[in-house]
Amino acid sequence: MYQYKLTFKLEKKCLPRTYDKILVSFLKASAQAYAAEFYNGLYDKSKSIIKNYTFSCYLPGAKFLGEQIVLDRNEYTLFFSDADPIELLQFFNGFQKMKYKNIR
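Residues numbered from 1 in each chain as written. Predicted model: local features only at pLDDT ≥ 70, side-chain atom pairs only at ≥ 80, totals over all residues. Heavy atoms only, no water.

Considerations on the overall build of the protein
A count of helical and extended segments in the protein gives three helices and six strands. Structurally, the protein occupies a C-alpha span of about 40 × 25 × 25 Å along its principal axes. Residues classed as buried in the protein amount to 31% of the 104 residues present. Long-range pairs, those at least 24 residues apart, make up 70% of the contacts in the protein between residues at least 6 apart in sequence. Both charge centroids of the protein, one from 16 positive and one from 10 negative side chains, sit 6 Å from each other. (Helix = DSSP H or I, 4+ residues; strand = E, 2+ residues; numbered from the N terminus. Buried < 20%, exposed > 50% of the residue type's maximum accessible area, 1.4 Å probe, protein only. Contact = heavy atoms within 4.5 Å. Lys, Arg positive; Asp, Glu negative; His and termini not counted. Charge placed at Lys NZ, Arg CZ, Asp CG, Glu CD.)

Next up, the structure:
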């Protein structure tokens, strides 16, 4: 199993409580940025596809206040792992294309 560590900078020290939807959107955008064929192979809605990857987040000093998550600093870390080294490399290329883009 291989892992990447991605650090995201925030404009403010907070995230919406539903930040996981943002992360899934980021993963989909990264796959699509790499290649449409790669994206369709992972997210084709006409069939159920088992994913080889998983992810987790480190939210420094997270305080859950209502619909917001307030952090100690204006960044958080995403740990992305994939059992398939070829797929991991394809995601890496997609992550590179997403570098410095605003995600909402």
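A look at the sheet that holds strand S4 (residues 63-65)
Strand order in this open sheet of three strands is S2-S5-S4, and the pairing throughout is antiparallel. Both outer strands of the open sheet, strand S2 (14-16) and S4, are each paired with one neighbouring strand and no more. Sheet twist, expressed as the mean angle between neighbouring strand axes with direction ignored, is 25 degrees. (Pairing = 2+ DSSP bridges. Axes fitted to C-alpha atoms, helices over the stretch in contact; angles between N-to-C directions.)

A short note on the packing of aromatic side chains
Counting across every chain of the model gives 13 aromatic pairs. Residues Phe8 and Tyr76 carry aromatic rings whose centres are separated by 5.2 Å and whose planes lie at 15 degrees to one another, so their mutual orientation is stacked. Here Phe8 is found in strand S1 (residues 2-9), whereas its partner Tyr76 is found in strand S6 (residues 75-82), with 68 residues between them in sequence. Look at Phe8 and you get buried, because its relative accessible area is 12%. For Tyr76, a relative accessible area of 5% puts it in the buried group. For the ring pair Phe26 and Phe95, a centre distance of 5.6 Å and an interplane angle of 10 degrees mean the geometry is stacked. Placement of the pair is Phe26 in helix H1 (residues 19-34) and Phe95 in helix H3 (residues 85-98), with a sequence separation of 69 residues. We note that Phe26, like Phe95, is buried. Members of the aromatic cluster, each reached through a chain of ring pairs, are Tyr4, Phe8, Phe26, Tyr34, Phe38, Tyr53, Tyr76, Phe80, Phe91, Phe92 and Phe95. (Phe/Tyr/Trp six-rings, centres within 6.5 Å; stacked < 30°, edge-to-face > 60°.)

Some remarks on the layout of surface pockets
In this structure, the largest pocket spans a volume of roughly 890 Å³. In terms of lining, the largest pocket is formed by 27 residues, of which the most central are Phe8, Lys9, Leu10, Lys101 and Ile103. Of all the secondary structure elements, the ones that give two or more residues to the lining of the largest pocket are S1, S2, H1 and H3. By residue number, the principal contributor to the lining of the largest pocket is S1, which donates six residues. Residue classes in the lining of the largest pocket are distributed as 16 nonpolar, four polar and seven charged. (1 Å grid on protein atoms, 1.4 Å probe; cavity = no way out; pocket = protein on both sides within 12 Å on 5 of 7 lines; lining within 4 Å. Points joined across faces, edges and corners; volume = space filled by probe spheres on them. Nonpolar A, V, L, I, M, F, W, Y, C, P; charged D, E, K, R; others polar.)

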